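Working through the structure, step by step
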Amino acid sequence: MANSKFEYVKSFEVEDRLMPSTWIVIRIDGCHFHRFSEVHEFDKPNDEQALNLMNSCAVSVVEEFPDIVFSYGVSDEYSFVMKKTTKFYQRRASKILSLTVSLFSSAYVMKWKEFFPQKELKYPPYFDGRVVCYPSTEILRDYLAWRQVDCHINNQYNTCFWMLVKSGKSKNEAQDILKGTLTQEKNELLFQQFNINYNMLPAIFRKGSCVFRAKVEEITKLTDDGDPVKRYRKKVIVDHCDIIGPSFWNEHPDILGK
Ligand code: GTP
Ligand code: MG
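Just so it is clear, the model here is predicted, and its values are computed rather than measured.

What follows deals with the coordination of the magnesium ion (ligand 2). Geometrically, a metal with four donors at the corners of a regular tetrahedron has ideal angles of 109.5 degrees, and one with six donors at the corners of a regular octahedron has ideal angles of 90 or 180 degrees. For the magnesium ion (ligand 2), the full set of protein donor atoms is Asp29 (OD), Gly30 (O) and Asp76 (OD), at a range of 2.0 to 2.1 Å. Considering all six donor atoms around the magnesium ion (ligand 2), the spread of angles at the metal, 82 to 176°, places the coordination shape in the octahedral class. Here the donor residues of the magnesium ion (ligand 2) share one chain and are spaced in sequence as D-G-x45-D. Taken as a pair, Asp29 in strand S1 (residues 23-30) and Asp76 in the loop between strand S2 (68-74) and strand S3 (77-82) lie far apart in primary sequence, 47 residues in all.

Written as structure tokens, this is what we have:
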């Protein structure tokens, strides 16, 4: 290709390759979703369909980018974990981040009608994103645990807050009642005042959502005798597991490897 006198401008482009042999985490977060959820009248504190829509977008991202081995979502955020050895776009941060954010955002718009057939999407949602490298599996697991602990703290607070408001307290009164309360006290408040056992609330609200590939059994056909012919294949699934303790990771050793 002929060089033009303008070609020198390329030298201003900076290298943004992420550190090799580290877990890459891309976290996206809905921009001004406080307003977005008001305008679209999401249920408070949790709108199950809004969460299902987020999960479905995450499934699209995981299906599209095979080097994403795990993702975790809560509220208006999602974290995507890329394997340590990935060579995706030569590990260029801007490419990896922009591809993830744009695919997630366009999936959100495309799938809106599927999850909210009766609601018009009033304006385009958008997401911010950041990318961070974690040098060890231990730190990566602590990162994921941090997000799930956050989910628990916020959800428990919000569940109490909105129950108090729905029962007639003002927002300020609800805030004052909850100020300084511990986890156990919030559980007791829910149980004694509203007959709600926090641990019986849907896991999607309490635990957030995990998206990953799992082996699933499929019946491909029936034999002439009517017996099912089964096969196993890897499929991207959504589950609401505890990822703080070791059990999930012990049960799924393939996800993060040794
Ligand atoms: P930025 O991310 O800084 O742009 O602000 P934000 O308004 O998006 O707030 P943030 O990301 O801190 O928190 C997400 C907000 O989205 C929550 O505070 C809620 O207001 C709203 N939200 C998320 N999920 C739900 C939901 O299921 N129901 C309702 N009602 N609101 C939700
Ligand atoms: Mg947000």
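Next comes the rest of the description.
This paragraph deals with the site of ligand 1. With respect to spatial proximity, 15 residues lie near ligand 1, and among them Asp29, His32, Phe33, His34 and Asp47 are the closest. One nitrogen or oxygen atom from the main chain of Gly30 is found 2.9 Å from an oxygen atom belonging to ligand 1. Contact between ligand 1 and His32: an oxygen atom at 2.7 Å from a main-chain N or O atom of the residue. Protein chains shield 67% of the accessible area of ligand 1, which is 640 Å² for the free molecule. Looking at the shell around ligand 1, the elements with two or more residues in it are S1 and helix H1 (33-39). Among the elements that line the shell around ligand 1, the one with the most residues is H1, at three residues.

The next point concerns the packing of aromatic side chains. The full count for this structure, using the stated rule, is 28 aromatic pairs. Plain terms: the ring middles of Phe36 and Tyr123 are 5.6 Å apart, the flat faces sit at 85° to each other, and that makes the pair edge-to-face. Of this pair, Phe36 sits in helix H1 while Tyr123 sits in the loop between helix H3 (93-115) and strand S4 (127-134), and the two are 87 residues apart along the sequence. Comparing Phe36 with Tyr123 shows no difference in burial state: the two are buried. Centre to centre, the rings of Phe42 and Trp112 are 6.4 Å apart; their planes meet at 25°, and the pair counts as stacked. Note that Phe42 is positioned in the loop between H1 and helix H2 (48-64) and Trp112 in helix H3, a separation of 70 residues in sequence. According to the relative accessible area criterion, Phe42 is buried, its value standing at 12%. Feature note: the residues Phe33, Phe36, Phe42, Tyr78, Phe80, Phe104, Tyr108, Trp112, Phe116, Tyr123 and Phe127 constitute an aromatic cluster, connected by ring pairs. Looking at Arg147, its charged tip hangs above the ring of Trp146, at a distance of 4.2 Å from the centre.

Evaluated as defined, the whole model comprises ten salt bridges. Linking Arg147 and Asp150 is a salt bridge whose minimum nitrogen-to-oxygen distance equals 3.1 Å. One end of the pair is Arg147 and the other is Asp150, both in helix H4 (residues 137-166) and three residues apart, which spans about a single turn.

Membership of the largest hydrophobic core comes to 36 residues, with the highest contact counts inside it found for Phe80, Phe104 and Tyr108. If you list the elements that add at least two residues to this core, you get S1, H1, H2, S3, H3 and S4. With nine residues, H3 is the single largest residue contributor to this core. Val69, Val81, Cys210 and Ile243 belong to the second-largest nonpolar core, a separate cluster that totals 21 residues.

What counts and how
- Residues numbered from 1 in each chain as written.
- Chains lettered and ligands numbered in written order.
- Predicted model: local features only at pLDDT ≥ 70, side-chain atom pairs only at ≥ 80, totals over all residues.
- Heavy atoms only, no water.
- Donors = N, O, S within 2.8 Å, 3.2 Å for Na, K, Ca; no water.
- Tetrahedral: all angles 85-135°; square planar, octahedral: opposite > 155°, others 65-115°.
- Helix = DSSP H or I, 4+ residues; strand = E, 2+ residues; numbered from the N terminus.
- Near = heavy atom within 4 Å.
- Polar contact = N/O pair within 3.5 Å; in protein donor to acceptor, adjacent residues only side chain to side chain.
- Areas by Shrake-Rupley, 256 points an atom, 1.4 Å probe, with all protein chains shown as cover.
- Phe/Tyr/Trp six-rings, centres within 6.5 Å; stacked < 30°, edge-to-face > 60°.
- Buried < 20%, exposed > 50% of the residue type's maximum accessible area, 1.4 Å probe, protein only.
- Lys NZ or Arg CZ within 6 Å of the ring centre and 35° of its normal.
- Salt bridge = Lys/Arg side-chain N within 4 Å of Asp/Glu carboxyl O.
- Core = buried A, V, L, I, M, F, W, Y, C linked by side-chain atoms within 4.5 Å.

In short, shape yes, function no, at least from these values alone.
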